[in-house]
Amino acid sequence: MIGLNNLKPAKGSKQRKKIVGRGLGSGMGRTATRGSKGQKSRSGDGSKKIGFEGGQMPILRRIPKRGFNSMFRKEYEIVNVEKLNKFDAGAEITPAKLKEAGMVSDVKLVKILGVGDLKKSLTVKAAAFSKSATDKIKAAGGKAEIVK
């Protein structure tokens, strides 16, 4: 019969913590389960820095470095003029509205490019426009305004 006086954990569920380096009689003395000799058997864990290749010249240093990436570069989200046909005629299009429509993932800098044709008169506000995009927006009777 089960009672509080004879409850026991399931067999094998409780295991004693391994205690190493406490004499030969413990069965885990002498080398303290680290094996014998070598970098990993010594104190300090034998860890090496990331990218270390055993003394061989690391790949990061073997590969030639070229070019330059400016930390001041501007990265634009690109939208083509043909996608603006989705909006109603006479609408004012801002980066926030483009994000709502799912055309850009970020509201920061948007550039409008001139791929395709615009069939509606729109006021488009963006950080940058290509020359062909500006021409197509004006030809459709709209306005292209640069905003920061």
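The structure contained in this document is the topic of the report that follows. For clarity, every value in this text was computed on a predicted model and none was experimentally measured.

1. As for the environment of A133
Part 1 of the argument: As for its position among the elements, A133 is in helix α3 (residues 131-139).
Part 2 of the argument: Sequence separation of A133 and V81 is 52 residues, and the distance between their C-alpha atoms is 6.3 Å.
Part 3 of the argument: Once residues lying within four places of it in the same chain are set aside, the contact partners of A133 are V81, I112, L113 and G114.

2. Description of the environment of S105
Part 1 of the argument: If you trace the backbone, S105 turns up in the loop between α2 (95-100) and β3 (110-113).
Part 2 of the argument: For the pair S105 and I137, spaced 32 residues apart in sequence, the C-alpha to C-alpha distance is 23 Å.
Part 3 of the argument: In this structure S105 touches E77 and K99, once residues within four positions along its chain are discounted.
Part 4 of the argument: Side chain to side chain, S105 and E77 meet in a polar contact 2.8 Å long.

Calculation notes
- Residues numbered from 1 in each chain as written.
- Predicted model: local features only at pLDDT ≥ 70, side-chain atom pairs only at ≥ 80, totals over all residues.
- Heavy atoms only, no water.
- Helix = DSSP H or I, 4+ residues; strand = E, 2+ residues; numbered from the N terminus.
- Contact = heavy atoms within 4.5 Å.
- Polar contact = N/O pair within 3.5 Å; in protein donor to acceptor, adjacent residues only side chain to side chain.

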